[in-house]
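# Results of the structural survey
One letter stands for each residue in the lines below.
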Amino acid sequence: MGEAAPPVLGGEDGDFPAWARSVADCEARLGVSASRGLSSSDAAARLRAHGPNELAEHPGPSLLQLLAQQFEDTLVRILLAAAAVSFLLALFSSAGEVTLSAFVEPLVIFLILVVNAAVGIWQETNAEKALEALREIQSDHAAVLRDGEWLPALPARDLVPGDVVQLRVGDKVPADMRVVRLVTSTLRVEQGSLTGETASVNKTSRAVPVEDADIQAKECMVFAGTTVVNGSAVCIVVHTGMATEIGKIHAQIHEASQEDDDTPLKKKLNEFGEALTKIIGLICALVWLINVKYFLTFELDGWVPRNIRFSFEKCTYYFEIAVALAVAAIPEGLPAVITTCLALGTRKMAAKNALVRKLPSVETLGCTTVICSDKTGTLTTNQMSVAKLVAIGDSSGEVRSFKVDGTTYDPRDGKIHDWPAGSIDVNLETIAKVAAVCNDASVAHSSHQYVATGMPTEAALKVLVEKMGLPGGKNGVSLDLSDTLGCCKWWNNVAKRIATLEFDRMRKSMGVIVRTSSGSNVLLVKGAVETLLERCSHIQLKNGLVVPLDEKAKKTVLASLHEMSTKALRCLGFAYKEDLAEFATYDGENHPAHKLLLDPANYAAIETDLIFAGLAGLRDPPREEVYDAIEDCRAAGIRVMVITGDNKETAEAICREIGVFSPDEDITVKSLTGKEFMALEDKKTLLRRKGGLLFSRAEPRHKQEIVRLLKEDGEVVAMTGDGVNDAPALKLADIGVAMGITGTEVAKEASDMVLADDNFSTIVAAVGEGRSIYNNMKAFIRYMISSNIGEVASIFLTSALGIPEGLIPVQLLWVNLVTDGPPATALGFNPPDKDIMKKPPRRSDDSLITPWILFRYLIIGLYVGIATVGIFVIWYTHGSFMGIDLTGDGHTLVSYSQLSNWGQCSTWNNFTVAPFTAGTRTFTFDNPCDYFHSGKVKATTLSLSVLVAIEMFNSLNALSEDSSLLSMPPWVNPWLLVAMSVSFGLHFLILYVPFLATVFGIVPLSLNEWLLVLLVALPVVLIDEVLKFVGRCTSSPGPKRRSRKQKGE
């Protein structure tokens, strides 16, 4: 690759591994001297070449594009077409007299579409904030060397490759940089949000001899967006803007956002919409073919048609019937009911600490098959704590072990087992003193939780000191929450620090010189156990006696260290020294020995001939509830994969403890590093393995690749995480789950759901809620579709029998939108099945409606059609039915033959009709044939009322897919009974309010007529009960699930 005009790191593709090269090589490659920095002109040229040091802005879709996207749904397109045709028909049929009632139907449909589009656009514009949150992580200013002079606050956006930058404690790293030299003895950086590492990491200026090192191994590199927690250093900028590691994550989030798939439910509804389009087209064509004889007649002379007669009026009339058919077939209320049900689901989940950001994800949760979980902060508390304390016994070859409970920084969380009840012995006092005083961390109570400042391991040691208590059996834990570290304060008063020997990587320890209450100076040291033991010559026993450190004692301590290390505990040793030679009288900067403290190279010599006191094992502990949650996942058929940036040994130990792996399981092929996984030829075979999997040292691209491969394999993936490094995978997963307390804003904005309590078990509860919601959605989708089948059957029978049109489009629209809406919504409140989390997850391609369910609802639909058309025919042709008198309104009876040939009424001789009453109105007819037009208002009302009543009773059928109303009575869901009352109330409203009755073309009914309506409607319950019984008899029971042994067994 050629180098750019101003020398840079081989373009921005990172082909020059700065971490694997010496500082001199990097200076030469970047064309800069670390002692003078870039010249102003050179920096300006590089800024033009590379652009500002900021993350790119990806323009989102325009408002017009968002609007167009809202009409990509098949059902919405059918509705739009129906509304357009309906509008044109209303316009032509008005014939100069434009009335509001003629345009009610198209206006209502257009209104539905506008509301749906507005809601969709609002959701879309709120969904893409992850990239904005990522920009906020970037640093604002940096101390930069230009023209040989330090500029203390250069805007970070003006940094270019080759700039020399000084970092200090608390600084946010402004770009990816190569460390040139350390100003202090150590440099520690908190990069957990980028890599997932629990603790802050030490940085060095020495090159790493591995060109393909992962982020964690690049110890001489600091990365944009991370924070300096200790020390100071001078660095050279290697990458800026989108070429940084955080820039790559930004690009991955954008790429993942382009790959957003439809939810399983939306895919099914689109498939249903496409099938519905074909069915509607077929039935409309059939209706026209059946009725073509009414508007087109001709005589055949051989093969030549003659005397062709075409009636435009009748052609339009049957076209209106076809439109009514389309309106009847489309469940217009379905989008609104689905949105309502999902919104109700989000409220239920919020009560369980799961905050849903995107409505469709509620339903997607129900078919989750794999949960890919981050370890740090998700399965663990992300709060270091001491798990074991080892002190010396009565002899040098004997140790005492104490198990320490607690998983947080709360000193009251947990206790030390087998702790001496009275006064603690001298050896334990020494350990407490070293842990409390040789320590720069702090713990404070804030917003109902305990928060650590400084190194997490040091904070854990301070919490340990509080649990140990004070000499004399006194307890240092204060009732005053603001005074969290009472014991530590006591020890700091007893042993006042007068000098600090900072930690460095070479000697792996930290020391402090303290002035004791007796006036003598003592050196207190803590650090890595092996290196500390090498510098110890003596060991302190339980009673305080100091004896030489022999091989037996050393082996005993190392055996304890090995035991704790195998359990992935991070071990720290404690030691002290009383004979301080030249530091025995040290009292500050003016003392002659102070010059020795100015050079960190002297620290190892000062920390020799130490007295060993004991050691502690620390860890980032798993959350207590995680074990049960993983067992619940196993019972529910959901696989758990752990993907973490932490090291392999620690992650494996945690996975065994929380139940991802059993204690003795061989996990050789189930635990891989991210690099090992990427090197596999057949990655999918590994991902298909049953049981848990662990991927450690995983980078953002590894997480994305795992999620992508799982989705390709048909899995529905929920991905949890809290760091910046998790954001691309959260965005790509079917369900991205971010942590609410410890999660970065980037992770939250990239997610579909946020856990308010950072609790893994909350995900499992949310999955159960998602399954329940999906079952309820299936119930109301089946209910609405069965109702629509009934409406289609009604119109088809009307057309096939040749009788006057019984139901007009505006009435069907009212039933679909308003009358059906409340019961369908109430079905969303059906109680969940008790064994909902004992069943395997449904596949995302499972059918919404099985062939048997479809057959059932075709039978129900056929009955709805027969009932609505039948009552229309009964009113015209019968004076009474089943003992119910229908002649009270004085209407004229006709024969069925006359009714089915009503179009020929004008040719009938001596045909007359009498006036009839409906409520307070009297209908008279100057033209007897109007009896089949305006005179059908009572018969139409009866048909509409039967349709409403049947659909109310049919909602009771939808309470359960298979269970009888005898085993699942209506009152298991009281909301459904309320909804039925509301729907009947709305129907009475349009019947008995004159203005509304006129708009909908209906009239009030008498008591007898209502009895007839109920008589015709009730059999729908009996028919479905019979069909459910047949279904239960013919379906074979599934295999019984093995009962899981109790964890206590």
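Residues numbered from 1 in each chain as written. Predicted model: local features only at pLDDT ≥ 70, side-chain atom pairs only at ≥ 80, totals over all residues. Heavy atoms only, no water.

The helix and strand tally for the chain stands at 37 helices and 32 strands. Scored against the burial criterion, the 1049 residues of the chain give a buried share of 55%. A fraction of 71% describes how many contacts in the chain between residues 6 or more apart in sequence connect residues 24 or more apart. Counting only carbon and sulfur atoms, one obtains 58% of the accessible surface of the chain, whose full area is about 44600 Å². (Helix = DSSP H or I, 4+ residues; strand = E, 2+ residues; numbered from the N terminus. Buried < 20%, exposed > 50% of the residue type's maximum accessible area, 1.4 Å probe, protein only. Contact = heavy atoms within 4.5 Å. Areas by Shrake-Rupley, 256 points an atom, 1.4 Å probe, with all protein chains shown as cover.)

Scanning all chains against the criterion turns up 26 salt bridges. One salt bridge connects Lys-648 with Glu-676, and the closest N-O pair in it is separated by 3.5 Å. Here Lys-648, found in helix α22 (residues 648-658), pairs with Glu-676, found in helix α23 (residues 674-679); they are 28 residues apart in sequence, far enough to count as distant. As a salt-bridge pair, Arg-708 and Glu-705 come within 2.8 Å of each other at their nearest N and O atoms. Linking Arg-708 with Glu-705, this pair stays in helix α25 (residues 700-712), spanning three residues, or about one helical turn. Overall, the relative accessible area of 30% leaves Arg-708 in the partly exposed class. Residues participating in the shared-partner salt-bridge network are Lys-684, Glu-705, Arg-708 and Glu-712. (Salt bridge = Lys/Arg side-chain N within 4 Å of Asp/Glu carboxyl O.)

On to the packing of aromatic side chains, then. Under the definition given, this model contains 22 aromatic pairs. Taken together, a centroid distance of 5.1 Å and an interplanar angle of 85° make the contact between Trp-908 and Phe-911 edge-to-face. Each member of the aromatic cluster is reached from another via a ring pair, and the members are Phe-872, Trp-875, Tyr-876, Trp-908, Phe-911, Phe-916, Phe-923, Phe-925, Tyr-931 and Phe-932. (Phe/Tyr/Trp six-rings, centres within 6.5 Å; stacked < 30°, edge-to-face > 60°.)

Bringing the state of the cysteines into the picture now. Evaluated as defined, the whole model comprises one disulfide. One disulfide in the model links Cys-905 with Cys-929; its S-S distance is 2.1 Å. On the S-S bond that ties Cys-905 to Cys-929, the torsion sits near -100°, and the link is left-handed. One end of the pair, Cys-905, is in the loop between α32 (896-900) and β31 (916-918); the other, Cys-929, is in the loop between β32 (921-923) and α33 (937-957), and 24 residues separate them in sequence. (Disulfide = S-S within 2.5 Å.)

Take unusual backbone geometry next. One non-glycine residue, Asp-147, lies in the positive phi region at around 55°. Inspection of the secondary structure puts Asp-147 in the loop between β1 (141-146) and β2 (149-155). The backbone of Ala-581 sits at a positive phi, close to 50°, despite the residue not being glycine. Considering the arrangement of structural elements, one finds Ala-581 in the loop between β21 (570-577) and α19 (594-597).

This part covers the nonpolar core. Nonpolar side chains in soluble globular proteins generally cluster together in the buried interior. Grouped together as the largest cluster of nonpolar side chains are 143 residues, with contacts concentrated most on Phe-760 and Tyr-876. By residue number, the principal contributor to this core is helix α28 (residues 760-801), which donates 15 residues. Non-local contacts of Tyr-876, meaning those with residues more than four positions away in its chain, are made with Thr-892, Leu-893, Val-894, Leu-899, Tyr-931, Phe-932, Gly-935, Lys-936 and Ala-939. (Core = buried A, V, L, I, M, F, W, Y, C linked by side-chain atoms within 4.5 Å.)

Their axes nearest at 11 Å, the elements α28 and helix α29 (residues 809-819) cross at an angle of 170°. By the angle between their axes, α28 is roughly antiparallel relative to α29. Here α28 contributes Met-784, Asn-788, Glu-791 and Ile-795 to the contact with α29, which in turn contributes Leu-812, Val-815 and Asn-816. In terms of residue class, the contact of α28 with α29 is made up of four nonpolar, two polar and one charged. (Axes fitted to C-alpha atoms, helices over the stretch in contact; angles between N-to-C directions. Parallel < 35°, antiparallel > 145°, perpendicular 65-115°, else oblique. Nonpolar A, V, L, I, M, F, W, Y, C, P; charged D, E, K, R; others polar.)

This part takes up the sheet that holds strand β23 (residues 639-643). Adjacent strands of a sheet form backbone hydrogen bonds with each other and so pair up, either parallel or antiparallel. Read from one edge of the open sheet, eight strands run β10-β28-β27-β26-β11-β23-β25-β24, paired in mixed fashion. The outermost strands of the open sheet, each flanked by one partner alone, are β10 (354-356) and β24 (671-673). Strand-to-strand, the axes of this sheet are offset by a mean angle of 20°, without reference to chain direction. Pairing of β23 with strand β25 (residues 693-696), which is carried by three bridges, proceeds in the parallel orientation. Residue pairing across strands places Val-642 opposite Leu-694, the latter belonging to β25. Of the strands in this sheet, β23, β24 and β25 touch α22, which is tilted by about 155° from β25. (Pairing = 2+ DSSP bridges.)

Right, let's talk about the UniProt feature "transmembrane region" (unreviewed entry) in the chain for a bit. Mapped onto the present numbering, the UniProt feature "transmembrane region" (unreviewed entry) falls on residues 74-92, 98-122, 275-296, 316-344, 854-876, 975-1004 and 1010-1031. Across residues 275-296, the secondary structure splits into 95% helix and 5% strand, with the terminal C-alpha atoms separated by 31 Å. Taken end to end, residues 1010-1031 has its terminal C-alpha atoms 33 Å apart, with 95% of it in helix and 0% in strand. (UniProt positions renumbered as here; feature names shortened; annotations may be inferred.)

With that settled, the discussion passes to empty space enclosed by the protein. Applying the stated criterion across every chain yields a total of six cavities of 30 Å³ or more. Within this model, the largest cavity holds a volume of roughly 50 Å³. Lining of the largest cavity is provided by Met-384, Ser-385, Val-386, Val-404, Thr-408, Tyr-409, Ala-460, Val-463, Leu-464 and Lys-467. Among the secondary structure elements, those contributing two or more residues to the lining of the largest cavity are β12 (385-392) and α15 (456-468). Counting residues per element, the lining of the largest cavity draws most heavily on α15, which supplies four residues. Split into classes, the residues belonging to the lining of the largest cavity amount to seven nonpolar, two polar and one charged. (1 Å grid on protein atoms, 1.4 Å probe; cavity = no way out; pocket = protein on both sides within 12 Å on 5 of 7 lines; lining within 4 Å. Points joined across faces, edges and corners; volume = space filled by probe spheres on them.)

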